[in-house]
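# Survey of secondary and tertiary structure
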Amino acid sequence: MRMGGFVSFMENRMMPIAGKMAEQKHLQAIRDGIILTLPLLIIGSIFLIIGFIPIPGYDEFMGGIFGEKWRTKLLYPVGATFDVMGLIVSFGVAYRLAEKYKVDPLSAGAISVASFLLATPYKIMFTPEGASAAQEVGGVIPLTLMGSQGLFVAMILAILSTEIYRKIIQMKIVISMPPGVPPAVSRSFVALIPAGAVLVVVWLIRILLENTSFESIHNIVKDLLVGPLSVVGSSLIGAIICVLLIHVLWAVGLHGAAVVGGIMSPIWLTLMDQNRAAFQANPNGELPNVVTTQFFDMWVYAGGSGATLALVFLMVFMARSKQMKNIGRLSIGPGLFNINEPVIFGMPIVMNPLLIIPFVLTPVILVIISYFAMSLGWVAKPSGVSVPWTTPLLVSGYLATGGKVSGMVLQAVNFIISLAIYYPFFRLWDKQKVSEEKAGTASDTAVPM
C-alpha cells in the first residue's frame, strides 16, 4: 500500500471507528472515575515507600525511635487509600456519567455507593487464635471487596444505577418542590424516587443471586469477568495487543491510552494491588504479576506513548534540520516528564506513514523485552507502588520496584533499544526536512527573470 493509500485508509476507515470509541460515554466515565483514585493511591504509595526503604539498618533505626510497631502505624494511610479503591470508583464513575447526561452528579454518586454497599454481603471469614477452621462473621463490611477486588462490581453498578436514575429523571417521575425551597433540599427530593427505584432493583438482584450457587454479584463478576480478563490482561500476548491498539489509535490522532485504558485500567489496577499486598506482606518475596499499570508507564512509555523520549534525544543531538532541532528543544522538557503531545502532533507522528512504524514497533519490542526480563527474574517486578506516570526515567524505575537498581537498569536498556529502533526512521525524516528547507531557501533567493 502506498503512503497516500495508507493515510486514506486511516482517515476513512480507522478514524471514524476510533472516534466513536473515544466518545463513548460509559468508557469516558470509567476512565475519569478511575482517575479520581490516583491522587489517593500516590499518597498511599509514598507511605509504602517510606515503610520499606531498602537501606541496611533502616528497620532497626525506625524501631528504636518509634517503637516495635512503627511500620504497622506508618502503613495506616496505605489501607485508607488502596483498600477503598472500589468505593471511590463507585462514586467517581457515577458522578462523571451523570455529568454527561446533565443530571445531578452528586446524587448519582451517592446512590451508586449505596447500591455498591447493598450488593455486597456483610460477612467475612475469620480464624480465631488457636482454632483450626475459619468461621463466618456477619455484620462486617469485607474490606477486600471495597478495594481492587470490587472494582468491576463498583463500575457495573455505577453505570446501572446512573442509567436508572437518569431515565426516571428524564421521564420526570420525581417529587418537585415549590420554587421557594432551597436548591439543595429540592435536589434531594428530586432524587428520592429514582434512588428508591435503584435500590429496589439492586436489592432484588442480590436476593435472586443469594439463591444461586454464585451467592453474590461479586462472585459472578470474579468468575465470569475478572478471572478471564485478568488472564488476558496479565499475559504477554494481552499486553502486546493492548499496546498495538493504543498506538494505532494514536496514529489517527486519538488518545489511545484513554480509550484502551477505559477497558483495561481496572484489570491493571487490580494486578497492581495484588503486587502491593504481596510486597507489603514480604518486600523480598515473589510478586505475582509482571503486567500492571506501572509496567507500561515505567518501562514501555519512556517519554510518553511510543517511547518517544529517544526520538526527542535524536532530534536534539543529531538533527540537521532546523525544524527538527526546534521541535526537539521544545519537546525535551515535557518529554522528560513523559508528556509527548508536542512530538506526536508537532513532528508530526499522527498520519505519518514513515514515523508510525517505529512509533508502534518500539513499545511492542519493549513490552516483550521487559516481560521476559521480569518473568525470568533478571529484573524486579513492579512492587505495586503507584508511582506517578510523570516521574522521570531511572527515578521511576527505582521507586516502582521498591528500591531495586535492576528497575533502573532495564529502563536504561530500553532507552538504548528505543534509540536504535527510531534512528533509521529519524534519519530519513530529517533528511527529507533538510531537503525541504534547502528547496525553500533556494526559492526565496531566486531572482525573477
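The shown structure was predicted, so the numbers you read here are calculated from the model rather than taken from an experiment.

Cut-offs used in this document
- Residues numbered from 1 in each chain as written.
- Predicted model: local features only at pLDDT ≥ 70, side-chain atom pairs only at ≥ 80, totals over all residues.
- Heavy atoms only, no water.
- Helix = DSSP H or I, 4+ residues; strand = E, 2+ residues; numbered from the N terminus.
- Buried < 20%, exposed > 50% of the residue type's maximum accessible area, 1.4 Å probe, protein only.
- Contact = heavy atoms within 4.5 Å.
- Lys, Arg positive; Asp, Glu negative; His and termini not counted.
- Charge placed at Lys NZ, Arg CZ, Asp CG, Glu CD.
- Salt bridge = Lys/Arg side-chain N within 4 Å of Asp/Glu carboxyl O.
- Domains from an automatic or database assignment.
- Buried area = accessible area lost by both parts, 1.4 Å probe.
- Polar contact = N/O pair within 3.5 Å; in protein donor to acceptor, adjacent residues only side chain to side chain.
- Patch = residues over 30% accessible without salt bridge, like charges linked within 9 Å, V, L, I, M, F, W, Y side chains within 5 Å.
- Areas by Shrake-Rupley, 256 points an atom, 1.4 Å probe, with all protein chains shown as cover.
- Phe/Tyr/Trp six-rings, centres within 6.5 Å; stacked < 30°, edge-to-face > 60°.
- Lys NZ or Arg CZ within 6 Å of the ring centre and 35° of its normal.

## Structural notes on the overall build of the protein chain
Helix and strand counts for the protein chain stand at 22 helices and two strands. Taking the principal axes of its C-alpha atoms as reference, the protein chain extends roughly 90 × 65 × 45 Å. Here the protein chain holds 449 residues, and the buried ones make up 45% of them. When contacts within the protein chain are restricted to residue pairs at least 6 apart in sequence, those whose partners lie at least 24 apart make up 72%. Here the protein chain holds 29 positive side-chain charges and 23 negative ones, and the gap between their average locations is 9 Å.

## So, the pattern of salt bridges
Under the criterion given, the structure shown has nine salt bridges. A salt bridge links Glu 99 to Arg 96; its shortest N-O distance comes to 3.1 Å. With a gap of three residues between them, Glu 99 and Arg 96 both fall in helix α7 (residues 85–101), about one helical turn apart. Classification of Glu 99 as partly exposed rests on a relative accessible area of 35%. One salt bridge connects Glu 436 with Lys 433, and the closest N-O pair in it is separated by 3.2 Å. Remark: Lys 433 and Glu 436 occur in helix α22 (residues 405–445); sequence separation between them is three residues, near one turn of the helix. On the accessibility criterion, Glu 436 (40% relative accessible area) is partly exposed. For Lys 433, a relative accessible area of 11% translates into the label buried. Among the ionic contacts, a cluster of salt bridges with common partners joins Asp 83, Asp 273 and Arg 276.

## A word on unusual backbone geometry
Met 347 connects to Pro 348 through a cis peptide bond whose omega is -15°. Backbone geometry places Glu 215, a non-glycine residue, at a positive phi of 75°. The topology assignment puts Glu 215 in the loop between α12 (192–210) and α13 (217–233). The partly exposed category is assigned to Glu 215, whose relative accessible area is 45%. Positive phi outside glycine occurs at Leu 394, with the angle close to 75°. Among the structural elements, Leu 394 can be located in the loop between α20 (353–375) and α21 (395–400). Leu 394 gets classed as partly exposed once you look at its relative accessible area, which sits at 36%.

## With respect to the domain arrangement of the protein chain
Partitioning the protein chain into domains gives domain 1 (26–127 + 137–214) and domain 2 (235–442). The partner domain 2 presents 22 residues to the 20 residues of domain 1 that form the contact. Carbon and sulfur atoms make up 76% of the area that domain 1 and domain 2 hide from each other, which totals about 1,900 Å². For the interface between domain 1 and domain 2, the tally reads one salt bridge. One salt bridge connects Asp 83 with Arg 276, and the closest N-O pair in it is separated by 3.4 Å. Counting every contact that joins domain 1 to domain 2 gives four residue pairs in polar contact (both at pLDDT 80 or more). Mapped onto the side of domain 1 that touches domain 2, the elements with two or more residues apiece are α2 (25–35), α3 (38–51), α6 (76–82) and α10 (151–170). Examining the composition of the side of domain 1 that touches domain 2, we find that five residues originate from one element, α3, more than from any other.

## A few points about the environment of Ile 111
Looking at the secondary structure, you find Ile 111 in helix α8 (residues 105–119). Here Ile 111 falls in the buried class, since its relative accessible area comes to 7%. The residues touching Ile 111, leaving out its near neighbours within four places in the chain, are Ser 161, Tyr 165, Ala 191, Ala 195 and Val 198.

## Section: a nonpolar patch on the surface
Residues Met 171, Ile 173, Val 185, Phe 189, Leu 192 and Ile 193 make up a contiguous nonpolar surface patch of roughly 520 Å² in combined accessible area. Sorting the residues of the nonpolar patch by element identifies α11 (183–190) and α12 as the ones contributing at least two each. Examined against the element boundaries, Leu 192 turns out to sit in helix α12. Overall, the relative accessible area of 48% leaves Leu 192 in the partly exposed class.

## Things to note about the packing of aromatic side chains
Per the counting criterion, the structure on display carries ten aromatic pairs. Measuring from ring centre to ring centre gives 6.2 Å for Phe 296 and Tyr 301, while their planes differ by 25°; the resulting arrangement is stacked. For the pair Phe 313 and Phe 415, a centre-to-centre distance of 5.3 Å together with 80° between the ring planes defines the contact as edge-to-face. Highlighted residues: Phe 313 in helix α17 (residues 309–318) and Phe 415 in helix α22, separated in sequence by 102 residues. A relative accessible area of 26% means that Phe 313 is categorised as partly exposed. Owing to a relative accessible area of 17%, Phe 415 belongs among the buried residues under this scheme. In this structure an aromatic cluster arises from ring pairing among Trp 268, Phe 295, Phe 296 and Tyr 301. A cation over an aromatic ring shows up here: Arg 166 above the ring of Tyr 101, its NZ or CZ 4.1 Å from the ring centre.

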